[in-house]
Amino acid sequence: RIVVADDANLANWPGYVEEGLAEEVRTERDALLLASDANWAKCTSMLWDGGSYAAWKSNTHCQAWAIYRQALRDVTSQAGFPETIVWPTKPGENF
């Protein structure tokens, strides 16, 4: 039997539903990463503009952004993925 997208039973298949939800979560995660790029660029520019790694490492604001971005990338590794997601808290915008 060939299954097509409009098959009435398709939405009841656990794998289909889970993969659709997983894709939605990944899309949201990717959007949050994209939205954080400008702030992350400010942090990384500290290194490219002659700043030291030690100064960057001690900048708590940049470290908060690094932790936030890593937590977003780790969303798919959470135990409840994709049904239950604990989204990380976005750091403040002020530098």
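Residues numbered from 1 in each chain as written. Predicted model: local features only at pLDDT ≥ 70, side-chain atom pairs only at ≥ 80, totals over all residues. Heavy atoms only, no water.

K.L.:
Hey, could you run me through the state of the cysteines in this one?
P.N.:
Simply put, disulfide is the name for a covalent bond between the sulfur atoms of two cysteines. In the structure shown here, the tally under the stated rule is one disulfide. Two residues share a disulfide in this structure: Cys 43 and Cys 62, whose sulfurs sit 2.4 Å from each other. Classification of the bridge connecting Cys 43 and Cys 62 rests on its S-S torsion, roughly -95°, and on that basis the disulfide is left-handed. With a gap of 19 residues between them, Cys 43 in helix H1 (residues 14–48) and Cys 62 in helix H3 (residues 60–73) connect regions that are remote in the sequence. Since its relative accessible area comes to 0%, Cys 62 is described here as buried. (Disulfide = S-S within 2.5 Å. Helix = DSSP H or I, 4+ residues; strand = E, 2+ residues; numbered from the N terminus. Buried < 20%, exposed > 50% of the residue type's maximum accessible area, 1.4 Å probe, protein only.)

K.L.:
What's the story with the pattern of salt bridges in this structure? I'm lost.
P.N.:
Two side chains carrying opposite charge are able to pair once their charged atoms lie near each other. Evaluated as defined, the whole model comprises three salt bridges. Linking Arg 26 and Glu 19 is a salt bridge whose minimum nitrogen-to-oxygen distance equals 3.5 Å. The salt bridge involving Arg 29 is made with Asp 30; its shortest N-O contact spans 2.7 Å. Overall, Asp 30 belongs to the partly exposed group, its relative accessible area being 40%. (Salt bridge = Lys/Arg side-chain N within 4 Å of Asp/Glu carboxyl O.)

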